[in-house]
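Here's the letter readout for the chains.
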Amino acid sequence: MLSFSAAVPDPALVGDKWRDMWMSRLDNMPLLAETWLSHQHRDEYWKHGSICEEYADIEAAVYMISGWGDSYINTIPRMMEHLQCPKKALLGPWMHKYPHFALPDPAIGFLQEALRWWDYWLKGIETGVMDEPTCTFYLQDGVPPAPKYKERPGQWVRTHGWPAPGESESITLTMGDHGLLPSTRLSQDQLIASPLTTGALQGEYIPLWFGADFHPTSAETMRCH
């Protein structure tokens, strides 16, 4: 984050004043790590910007869009459950990028979708955006683990809200002698010895195209030792 916030302004965007802007940025840039280390628990510093502290404070219409490969996916179902304002949700297979160019595919026309929303709420144009089911989810098929995917097979599904009464159900699975089942238990304690290469295909924690956190060559090195 320090590298991002210290980035050089683009002369193509700001012109000849880029250097003065850059120096001002560097001179006034806070050391974020110092702030975070001084607030290591959920105190008022964190609460003041947390939606979950008081959902009723949000009255404006909200369209939440994210991807299963992002780190904020739980936020959207919680907001859909608790917000009382006009709301919609869209969850695709994507990483932490805009859905019209993010990976993995399938991509969507994100700019067109955003325009439909803003035309309706800011200009009063009937675009049909509020006539559709409130939630759109990309239901991903199971695939073998990999550091990243160019495409995730699956299908789009829609629900009338979340949790969706009559459209979804919760199932609790427990570990038994024959794997995960709705109602089972282990007949005896089990010892699990994971290989050193466990996690080698985990990918990137917050995917931003920087590459996998655990490079395959590292796994090869671990096997050699």
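Residues numbered from 1 in each chain as written. Predicted model: local features only at pLDDT ≥ 70, side-chain atom pairs only at ≥ 80, totals over all residues. Heavy atoms only, no water.

Undergrad: Help me understand the pattern of salt bridges in this model?
TA: Close approach of charged atoms lets side chains of opposite charge pair. Under the criterion given, the structure shown has seven salt bridges. The closest approach of N and O atoms between Lys 88 and Glu 132, which form a salt bridge, is 2.9 Å. On the criterion of sequence distance, the pair formed by Lys 88 in strand 2 (residues 87-92) and Glu 132 in the loop between helix 7 (110-123) and strand 3 (135-140) is long-range, its members being 44 residues apart. Salt-bridge contacts for Glu 132 lead to Arg 158; the nearest nitrogen and oxygen are separated by 3.6 Å. (Salt bridge = Lys/Arg side-chain N within 4 Å of Asp/Glu carboxyl O. Helix = DSSP H or I, 4+ residues; strand = E, 2+ residues; numbered from the N terminus.)

Undergrad: Could you clarify how one ought to interpret the sheet that holds strand 4 (residues 154-159) in this entry?
TA: Within a sheet, each strand pairs with its neighbour through backbone hydrogen bonds, oriented either parallel or antiparallel. A sheet is described by the order of its strands in space; here four strands give the open sequence 1-2-3-4, paired in mixed fashion. Each edge of the sheet is formed by a strand with only one pairing partner; in this case those strands are strand 1 (62-67) and strand 4. The mean inter-strand angle of the sheet, taken between neighbouring strand axes irrespective of direction, is 20°. Pairing of strand 1 with strand 2, which is carried by six bridges, proceeds in the parallel orientation. Its bridge partner being in strand 2, Ile 65 is matched across the sheet by Leu 90. Strands in contact with helix 6 (residues 75-82) are strand 1, strand 2 and strand 3; relative to strand 2, the strand with the most contacts, it is inclined by about 160°. (Pairing = 2+ DSSP bridges. Axes fitted to C-alpha atoms, helices over the stretch in contact; angles between N-to-C directions. Contact = heavy atoms within 4.5 Å.)

Undergrad: Would you mind going over the confidence of the model for the chain with me for this structure?
TA: Detailed conclusions should not be drawn from predicted coordinates in areas where pLDDT is low. Averaged over every residue, the pLDDT of the chain is 89; residues scoring 70 or more account for 95%. Considering only residues more than four positions removed or in separate chains, one finds that residues 218-225, a stretch of pLDDT under 50, has six contacts. (pLDDT = per-residue confidence, 0-100.)

Undergrad: I keep staring at the layout of surface pockets and nothing clicks. Help me out?
TA: Space left empty within the atom packing is revealed by a probe, the size of a water molecule, rolled over the atoms. Of the volumes computed, that of the largest pocket is approximately 530 Å³. Lining the largest pocket we find 23 residues, and of these Pro 147, Lys 148, Tyr 149, Glu 204 and Pro 207 sit closest to its centre. The residue makeup of the lining of the largest pocket, split by class, is 15 nonpolar, five polar and three charged. Within this model, the second largest pocket holds a volume of roughly 250 Å³. If you trace the second largest pocket, you find 14 residues lining it, with Ile 65, Ser 66, Gly 67, Asp 70 and Ile 76 closest to the centre. When residues in the lining of the second largest pocket are grouped by element, the largest group, five residues, is from strand 1. Among the residues forming the lining of the second largest pocket, the class breakdown is nine nonpolar, three polar and two charged. (1 Å grid on protein atoms, 1.4 Å probe; cavity = no way out; pocket = protein on both sides within 12 Å on 5 of 7 lines; lining within 4 Å. Points joined across faces, edges and corners; volume = space filled by probe spheres on them. Nonpolar A, V, L, I, M, F, W, Y, C, P; charged D, E, K, R; others polar.)

Undergrad: Looking at this structure, how should I read the nonpolar core?
TA: Within soluble globular proteins, side chains that are nonpolar generally end up buried alongside one another. Core analysis: the largest hydrophobic core is formed by twelve residues, namely Tyr 55, Val 62, Met 64, Ile 76, Met 79, Met 80, Leu 83, Cys 85, Ala 89, Leu 91, Cys 135 and Phe 137. Of all elements in the fold, only strand 1, helix 6, strand 2 and strand 3 reach the threshold of two or more residues within this core. Here this core gets three residues from one element, more than from any other, and that element is helix 6. Setting aside residues no more than four positions away along its own chain, Met 80 makes contact with Met 64, Lys 87, Lys 88, Ala 89, Thr 134, Cys 135 and Trp 162. Judged by nonpolar contacts, the second largest core, of seven residues, contains Tyr 63, Leu 90, Ala 102 and Val 129. (Core = buried A, V, L, I, M, F, W, Y, C linked by side-chain atoms within 4.5 Å. Buried < 20%, exposed > 50% of the residue type's maximum accessible area, 1.4 Å probe, protein only.)

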